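Remarks on the overall topology
What follows is each chain in one-letter form.
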Amino acid sequence: MLADVHAIIPYQLPGLVDRCARAMGLSGATVYLVDLQQRILVPLDEQDTLPVDGSKAGWTYRTVSVRIEEDQGDLVVWVPLVDGAERLGVLGVRSTSMDAVRLRRCHLLAHTLSMVVTSKRTYSDWFVARTRTRTMHAHTEMLRAFLPPRSIGTTSVISTGVLEPAYDLGGDAFDHSLTRNILHAAIFDSMGHNLASGLTTAVALACCRNARRSRADLPETIESVDQALAQWLPDQFCTGVVCRLDADTGVLRWSNCGHPAPLLIRDQRVLDKALESPPQPPMGLHGLFGSTAARTVHETTLQPGDRVLLYTDGVIEARQGGYEFGLDRFADFIIRSAAAGQRPAEILRLLIHDILDHHNDKLTDDATILLIEWQPQPTSSG
């Protein structure tokens, strides 16, 4: 598969995977990728789509676990497709029988396929188009081009994000990246809901990435956003939280620029005002307030199992019949889902769907959530 995949056009990948499965003594294979809103699994060939909620394939996607079912005299093995912490979809492998050797071959095929999909989707619009269910607005297309994978992480720290409306984003975005033992994470909410707001957020994302790749500290990072917006988009501004977490020690440093305070969840409860801080101006307005001082950075040390929630106001202000979704319901959903054993990415998938349902699938403002979970692995004593 690896030898042949470099020479094929991306749409030929399903046929190559099926041929490889048969060469391994299996009866065939079908590739499914999850759609943009994580509601359906979309086949890369002519099979029918499958629901993420209510199918064996969906169960595999939701739990990142193997599932086997009988279908028309064959066994179908559903294997998750993952890239690190990012869930891509599932692989359905058919076989007349199943044993440890065949199951290992299914895992091997899925692992190889995940690497291929991750590599090829960076330059092929075919994968992107297959996982969309409707047309996307141009300003959303621009902003989504800047977004990172939904989930990143290691055995010690996971960061996962979601944002809606998926096809008509205005100025919300999240970002996360790992540099050695440091998780860099941020959330942004620009003024407005149009091309200008999307451009403002894109500038903020680009400045933050450029600064961290240049090894700038947090105040310098935010200052670069302030300067860029003041120079090139003087009529725009952007609220946000930019933070860094040391995955080894649990030390969290953050700066809040006119944004809702993050939540700290510990032992299945929200620690009241744990991450609140004195207000600072949004990015792009720092100089207008007559301040030349560096942005204030706050610091705390997390405990193993802590979860940090960054969110935009569109999450808690979503209304139905005059009732807001609300901060309490938002936090309670996270706590109950985590207590039920849901993975961070699945918690946010379920939560954003609950928010959409609350708002009859029509948000009046962007709703973006970033969930960070710190779970350091115990060190072995020598």
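In short, a report on the structure. (Residues numbered from 1 in each chain as written. Predicted model: local features only at pLDDT ≥ 70, side-chain atom pairs only at ≥ 80, totals over all residues. Heavy atoms only, no water.)

1. Here's the deal with the packing of helix H2 (residues 13-23) against helix H4 (residues 100-120)
How we decide: Here, axes are lines fitted to C-alpha atoms. For helices the fit covers the stretch in contact, and angles between N-to-C directions go from 0 to 180 degrees. A run of DSSP states H or I qualifies as a helix once it reaches four residues; a run of E qualifies as a strand once it reaches two. Both are numbered from the N-terminal end. Any angle that is under 35 degrees is reported as roughly parallel, and any over 145 degrees as roughly antiparallel; angles of 65 to 115 degrees are reported as roughly perpendicular and all others as oblique. We call a crossing left-handed when the near helix sits turned anticlockwise from the far one by less than a right angle, and right-handed when that turn is clockwise. We call two residues in contact when some of their heavy atoms are within 4.5 Å.
It is at 11 Å that the axes of H2 and H4 come closest, and there the two elements cross at 160°. Classified by the angle their axes make, H2 and H4 are roughly antiparallel. Crossing of H2 over H4 shows right-handed handedness. For the pair H2 and H4, the contacting residues are Leu13, Val17, Cys20 and Ala21 in the first and Leu109, Leu113, Val116 and Val117 in the second.

2. Comments concerning the pairing of strand S8 (residues 157-164)
Defined as follows: Only protein chains enter the accessibility calculation, which uses a 1.4 Å probe; a residue is then buried when its area is under 20% of its type maximum, exposed when over 50%, and partly exposed in between. For two strands to pair, DSSP has to find at least two bridges joining them.
Extensive coverage of S8 is indicated by the burial of seven of its eight residues. Linkage of strand S7 (residues 151-153) to S8, two consecutive antiparallel strands, is achieved through a turn of three residues. The sheet contact formed by S8 and strand S19 (residues 367-374) spans eight bridges and is antiparallel. Bridging across to S19, Thr160 finds its partner in Leu371.

3. Brief notes about helix H7 (residues 195-213)
This is how the line gets drawn: The length a helix should cover is 1.5 Å for every residue beyond the first. Throughout this description, a polar contact denotes any pair of N or O atoms lying within 3.5 Å of each other; where both atoms belong to protein, one of them has to be capable of donating a hydrogen while the other can accept it, and for residues adjacent in sequence the pair is counted only when both atoms sit in side chains.
The first and last C-alpha atoms of H7 sit 27 Å apart over 19 residues, in line with the 27 Å expected at 1.5 Å per residue. Among the residues of H7, Ser197, Gly198, Thr200, Thr201, Ala202, Ala204, Leu205, Cys207, Cys208, Arg209, Ala211 and Arg212 are the ones counted as buried. Those residues of H7 hidden inside the fold are in contact with helix H6 (138-144), strand S9 (172-179), strand S10 (182-190), helix H8 (218-232) and strand S11 (238-246). The opening residue of H7, the one whose side-chain oxygen lies 3.1 Å from the backbone nitrogen of Ala196, is Asn194. Of the residues flanking the end of H7, it is Arg215, one or two places downstream, whose phi is positive at about 65°.

4. Some details on the packing of H7 against H8
Just so we agree on the cut-off: Under this grouping Gly is polar, as are all residues other than the nonpolar Ala, Val, Leu, Ile, Met, Phe, Trp, Tyr, Cys and Pro and the charged Asp, Glu, Lys and Arg.
Where H7 meets H8, the closest approach of the two axes is 8 Å, and the angle between their N-to-C directions is 140°. Looking at the two axes, H7 sits oblique to H8. Relative to H8, the crossing made by H7 is right-handed. Residues Thr200, Val203, Ala204, Cys207, Cys208 and Ala211 of H7 form the contact with H8, whose participating residues are Thr221, Ser224, Val225, Ala228 and Leu229. Residue composition of the contact of H7 with H8, by class: eight nonpolar, three polar and no charged.

5. Some points on unusual backbone geometry
For the peptide bond that leads from Glu164 to Pro165, omega is 5°, which places it in the cis range. Take Pro165: it is sitting in the loop between S8 and S9. With phi around 55°, Arg180 is a residue other than glycine that occupies positive phi space. As for its placement among the helices and strands, Arg180 is situated in the loop between S9 and S10. With relative accessibility at 82%, the residue Arg180 sits in the exposed group.

6. Comments concerning the pattern of salt bridges
Going by this rule: For this document, the term salt bridge refers to a Lys or Arg side-chain nitrogen within 4 Å of an Asp or Glu carboxyl oxygen.
Overall, the coordinates contain 17 salt bridges when judged by the stated rule. The salt bridge partner of Arg94 is Asp71, with a shortest N-O separation of 3.0 Å. Of this pair, Arg94 sits in strand S6 (residues 86-95) while Asp71 sits in strand S4 (residues 67-71); the two residues are 23 residues apart in sequence, bridging distant segments of the chain. On the basis of relative accessible area, Arg94 is assigned to the partly exposed category, the value being 26%. The class of Asp71 is partly exposed, set by a relative accessible area of 29%. Connected via shared salt-bridge partners are Asp53, Arg87, Glu346 and Arg349.

7. Notes on the state of the cysteines
So the rule is basically this: For this text, the term disulfide refers to a pair of cysteine sulfurs within 2.5 Å.
Overall, the coordinates contain zero disulfides when judged by the stated rule. The thiol sulfur of Cys20 is not disulfide-bonded, and the nearest other cysteine sulfur, from Cys106, lies at 13 Å. The thiol sulfur of Cys208 is not disulfide-bonded, and the nearest other cysteine sulfur, from Cys207, lies at 7.1 Å.

8. Some remarks on the sheet that holds S4
Spatially, six strands are ordered S3-S2-S1-S6-S5-S4 in an open sheet, and the strand pairing comes out antiparallel. In the strand order of this sheet, the two ends are held by strand S3 (50-51) and S4, each with one partner. As paired elements, strand S1 (residues 28-34) and S6 share six bridges and run antiparallel to each other. Bridge pairing in S6 links Thr30 to Gly92. Of the strands in this sheet, S1 and S6 are in contact with H2, which crosses S1 at around 140°. Sitting on the sheet, H4 touches S1, strand S5 (74-83) and S6, and the angle it makes with S5 is about 40°.

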